[in-house]
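Summary of structural features
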Amino acid sequence: MATLNIRKIGRCALWISPVIIVPVAFFAAAPWLAQQPDALTLSVAAAAALFVMAYSQFLAARVNRRLDEVQIAGQRIANTRGMTIGSVAAVIVMMIPSLMNGLAGLAMRLASGSPEEAVKLGITIGFMLVVVLQVVGAGAVSLWWSKQLKKSAD
Amino acid sequence: MKNFIRVLRAGKGWSQAELAERVQVSRNSINAIENGRFDPSLPLAFKIADAFNLTVEEVFDKTDV
């Protein structure tokens, strides 16, 4: 049973990993991107944001295929409440001065000092943050819902 | 909605997992329906009733609607 669970968790982690790896790789590549032309930096940022969004949608569709009606209802709750929680969390996180300064600094570094590019990159990075937090929020609500369903199990 | 799934299941000697397999849903879903946390759709209610060879009214308490 434990082996089965570990396998299940491992497979799940493997499927989810691109959503984590791409943003982490993007931020890790920040110093290198800062030395590249602005067009390339913007393209990479946009590609990363698009990938995270598209892959999240792909994962959602894949998971939904195998769900029964109770689980689909749970997913609906997770999506609506989780998205809202994620958006609110993003607003709260962005109100933290040190984090906001860090993001602005990162955007400035990536844009090589060009204010216009920095704004564009700042928006892209902020959007990625919102999407990631929404996914985390939906996941958290989904976990809470499945725990509710498991209560009083025999 | 109240239902008699737990009693009927016990009568047949089925676990939640066994009933879940018969009606092709997850065990957690059977648990949620059994405990009144989720009202099943009509097709699923019929499937559950069919599994017990009963009518929907005999499995689900319509006085609780």
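A brief report on the enclosed structure follows. Nothing here was measured: the structure is a model prediction, and the numbers come from that model. (Residues numbered from 1 in each chain as written. Chains lettered and ligands numbered in written order. Predicted model: local features only at pLDDT ≥ 70, side-chain atom pairs only at ≥ 80, totals over all residues. Heavy atoms only, no water.)

A few words now on the packing of aromatic side chains. All told, the structure shown has six aromatic pairs over all chains when counted by the stated rule. Here Phe51(A) and Tyr55(A) contribute two aromatic rings whose centre-to-centre distance is 5.5 Å and whose plane-to-plane angle is 20°, an arrangement assigned as stacked. Taken together, the positions of Phe51(A) and Tyr55(A), both in helix H3 (residues 38–65) and four residues apart, correspond to about one turn of that helix. Residue Phe51(A) is classed as partly exposed on the basis of its relative accessible area, which comes to 35%. On the accessibility criterion, Tyr55(A) (14% relative accessible area) is buried. Taking 5.3 Å as the distance between ring centres and 25° as the angle between the ring planes, the aromatic pair formed by Trp14(B) and Phe52(B) counts as stacked. Here Trp14(B) is found in the loop between helix H1 (5–12) and helix H2 (16–23), whereas its partner Phe52(B) is found in the loop between helix H4 (42–51) and helix H5 (56–59), with 38 residues between them in sequence. Given the relative accessible area of 11%, Trp14(B) is considered buried. By the ring-pair criterion, three or more aromatic residues cluster together here, those being Trp15(A), Phe51(A), Tyr55(A) and Phe58(A). (Phe/Tyr/Trp six-rings, centres within 6.5 Å; stacked < 30°, edge-to-face > 60°. Helix = DSSP H or I, 4+ residues; strand = E, 2+ residues; numbered from the N terminus. Buried < 20%, exposed > 50% of the residue type's maximum accessible area, 1.4 Å probe, protein only.)

Of all hydrophobic cores here, the largest spans 23 residues; its most connected members are Ile5(B), Leu19(B), Val23(B), Ile33(B), Ile48(B) and Phe60(B). Elements supplying a minimum of two residues to this core: helix H4 (69–94) and helix H6 (115–150) of chain A together with H2, helix H3 (27–34), H4 and H5 of chain B. Counting residues per element, this core draws most heavily on H4(B), which supplies five residues. Excluding residues that lie within four positions of it along the chain, Phe60(B) makes contacts with Met1(B), Lys2(B), Asn3(B), Phe4(B), Ile5(B), Ile33(B), Pro40(B), Ala45(B) and Ile48(B). Core analysis: the second largest hydrophobic core is formed by 15 residues, Leu33(A), Leu103(A), Ala118(A) and Met128(A) among them. (Core = buried A, V, L, I, M, F, W, Y, C linked by side-chain atoms within 4.5 Å. Contact = heavy atoms within 4.5 Å.)

With that settled, the discussion passes to the environment of Val93(A). All names here are of chain A. Considering the arrangement of structural elements, one finds Val93 in helix H4. Overall, the relative accessible area of 23% leaves Val93 in the partly exposed class. For the pair Val93 and Leu129, spaced 36 residues apart in sequence, the C-alpha separation works out to 9.4 Å. Residues in contact with Val93, not counting those within four places in the same chain, are Leu99, Leu129 and Leu133.

With that out of the way, let us pick up the interface of chain B and chain A. Contacts between chain B and chain A engage 17 residues on the former and twelve residues on the latter. In total, chain B and chain A occlude about 1200 Å² of area from one another, counting both sides; carbon and sulfur atoms represent 47% of this. Its largest share of buried area at the contact with chain A, chain B owes to Asn28(B), Arg37(B) and Phe38(B), together 42% of the area lost on that side. At the surface where chain B touches chain A, the tally comes to zero salt bridges. There are four residue pairs in polar contact (both at pLDDT 80 or more) connecting chain B and chain A. For the side of chain B that touches chain A, the leading source of residues is H3(B), giving six residues. For the side of chain B that touches chain A, the per-class residue count stands at six nonpolar, seven polar and four charged. (Buried area = accessible area lost by both parts, 1.4 Å probe. Salt bridge = Lys/Arg side-chain N within 4 Å of Asp/Glu carboxyl O. Polar contact = N/O pair within 3.5 Å; in protein donor to acceptor, adjacent residues only side chain to side chain. Nonpolar A, V, L, I, M, F, W, Y, C, P; charged D, E, K, R; others polar.)

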